[in-house]
Amino acid sequence: MRDRLKNLFLQAYRDYKNVTLRLLLLSSIGVQSKIYVLLNNYRGKVYHIQSPIDILIPFNKYFIVPYIYWYIYLGFVFFYYAVYDEKKYYKLLAGVNLGMMICFVIYYFYPTYVPRPQVYGDDIFANMVRFIYERDNPYNCFPSIHVLDSVLFAVYINRDETIDVKYKLYSMVISFSIVLSTLYVKQHYFYDAVSAAILAYTMYVVFNYKEIVEFFKKRVLVYIKE
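A. Structural context of the overall build of the protein. Scanning the protein from terminus to terminus reveals eleven helices and zero strands. Shown N-terminal to C-terminal, the secondary structure of the protein runs as helices and strands in the order α-α-α-α-α-α-α-α-α-α-α. A globule of 226 residues ought to have a C-alpha radius of gyration of about 17 Å, and the protein, at 19 Å, matches this closely. Along the first, second and third principal axes, the C-alpha atoms of the protein reach 55 × 45 × 30 Å. Out of the 226 residues belonging to the protein, those deemed buried represent 41%. Of the contacts made within the protein by residues no fewer than 6 positions apart, 87% connect residues no fewer than 24 positions apart. Only carbon and sulfur atoms are counted for the fraction: they give 66% of the accessible area of the protein, which is about 13,400 Å².

Here you go:
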């Protein structure tokens, strides 16, 4: 793991001009976030889409750790592809941006609301939950951008033949824990997560359609030969 990280940063240093230019394009996400802020307010009507599953899921302040780790996970994966695979980096960035745009359209026409519990205690976990609650109003919920990005990144890593299986497993565990965190810290409902996962897979198919078709063609040819 240490050697792999060392090689990653060495490669980034050797190609720092191109890597820097690619990473600068992440500002597109920052620009779109301004739209998120504008929409994340009470605008006269909100919908509640609580499911029976949500009633069974208790609030758990400790899940704020994977919830916040989302930022590190996304940043690292973006950096990895900016260094090692320019083509996948642009596809991933485009998928995130288009997915966010679709979420914003839904937020505008179908604003949902997730009520938040009272957070007790003065420990670091309770304080982190309150920190998130204070900076993120409970209206932009369906679909969850947290889940959209986590699942989309996990799919890219899982489908990447150059990445070792153990790192794929790490990514899947991180992604799944982030998805769970959105439910346990009561930032989202179950349907928010499901819709976001569907949107994530849709974004992957949209930007990798040719590769997916070629993959299935090869599988069919192998089946016919057998």
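From this point, things continue past the structure.
B. Broad picture of the packing of aromatic side chains. Applying the stated criterion across every chain yields a total of 21 aromatic pairs. The interplanar angle of 70 degrees and the centroid separation of 4.9 Å between the aromatic rings of tyrosine 62 and phenylalanine 125 together place this pair among those described as edge-to-face. Here tyrosine 62, found in the loop between α4 (52-56) and α5 (64-84), pairs with phenylalanine 125, found in helix α7 (residues 124-135); they are 63 residues apart in sequence, far enough to count as distant. Aromatic pair tyrosine 80 and tyrosine 81: ring centres 5.3 Å apart, planes at 85 degrees, arrangement edge-to-face. For tyrosine 80, a relative accessible area of 11% corresponds to the buried category. Put simply, the rings of Tyr73, Phe78, Tyr89, Tyr90 and Phe153 pair up and form one aromatic cluster.

C. Here's a closer look at the nonpolar core. Core analysis: the largest hydrophobic core is formed by 46 residues, its most contacted members being Tyr73, Phe78, Tyr81, Leu92, Leu152 and Phe153. For this core, the secondary structure elements donating two or more residues are α1 (2-14), α3 (27-39), α5, α6 (86-109), α8 (145-158), α9 (165-184) and α10 (190-207). With eight residues, the next largest nonpolar core counts Ala126, Val129, Ile132 and Tyr133 among its residues.

D. Structural detail: the pattern of salt bridges. For the coordinates displayed, the defined rule picks out seven salt bridges. Between arginine 135 and glutamate 134 there is a salt bridge, and its shortest N-O distance comes to 3.4 Å. The class for arginine 135 is exposed, based on a relative accessible area of 55%. Because the salt bridges share partners, they merge into one network encompassing Asp15, Arg22 and Glu86.

E. Inspection of the packing of α8 against α9 at higher detail. Here α8 crosses α9 at 170 degrees, and the two axes come no closer than 9 Å. Considering their axes alone, α8 and α9 lie roughly antiparallel with respect to each other. Here α8 runs over α9; the crossing is left-handed. Contacts between α8 and α9 pair His146, Val147, Ser150, Val151, Ala154, Ile157 and Asn158 from the former with Tyr167, Lys168, Ser171, Met172, Ser175, Ile178, Val179 and Thr182 from the latter. For the contact of α8 with α9, the per-class residue count stands at eight nonpolar, six polar and one charged.

F. Seen up close, the environment of glutamate 134. Structurally, glutamate 134 can be placed in helix α7. Taking the C-alpha atoms as reference, glutamate 134 lies 22 Å from leucine 74; in sequence the two are 60 residues apart. Within the local environment of glutamate 134, its side chain forms a polar contact with the side chain of arginine 135, the two groups lying 3.4 Å apart.

G. A look at the environment of aspartate 149. Along the polypeptide, aspartate 149 turns up in helix α8. Separated by 49 residues in sequence, aspartate 149 and methionine 100 place their C-alpha atoms 9.1 Å apart.

H. Highlighting the packing of α1 against α5. Running from N to C, α1 and α5 point in directions that differ by 60 degrees, and their axes come no closer than 9 Å. Relative to α5, α1 is oriented oblique. Seen along the crossing, α1 lies across α5 with a hand that is left-handed. Between α1 and α5, the contacting residues are Arg4, Leu5, Asn7, Leu8, Phe9, Gln11 and Ala12 on the first element and Phe76, Phe79, Tyr80, Val83 and Tyr84 on the second. Class assignment for the residues of the contact of α1 with α5 results in nine nonpolar, two polar and one charged.

Here is what the cut-offs are and how they apply
Residues numbered from 1 in each chain as written. Predicted model: local features only at pLDDT ≥ 70, side-chain atom pairs only at ≥ 80, totals over all residues. Heavy atoms only, no water. Helix = DSSP H or I, 4+ residues; strand = E, 2+ residues; numbered from the N terminus. Rg over C-alpha atoms; globule rule 2.2 N^0.38 Å. Buried < 20%, exposed > 50% of the residue type's maximum accessible area, 1.4 Å probe, protein only. Contact = heavy atoms within 4.5 Å. Areas by Shrake-Rupley, 256 points an atom, 1.4 Å probe, with all protein chains shown as cover. Phe/Tyr/Trp six-rings, centres within 6.5 Å; stacked < 30°, edge-to-face > 60°. Core = buried A, V, L, I, M, F, W, Y, C linked by side-chain atoms within 4.5 Å. Salt bridge = Lys/Arg side-chain N within 4 Å of Asp/Glu carboxyl O. Axes fitted to C-alpha atoms, helices over the stretch in contact; angles between N-to-C directions. Parallel < 35°, antiparallel > 145°, perpendicular 65-115°, else oblique. Left-handed = near helix turned anticlockwise from the far one by under 90°. Nonpolar A, V, L, I, M, F, W, Y, C, P; charged D, E, K, R; others polar. Polar contact = N/O pair within 3.5 Å; in protein donor to acceptor, adjacent residues only side chain to side chain.

Everything listed is a geometric property; what it means functionally is a separate question.
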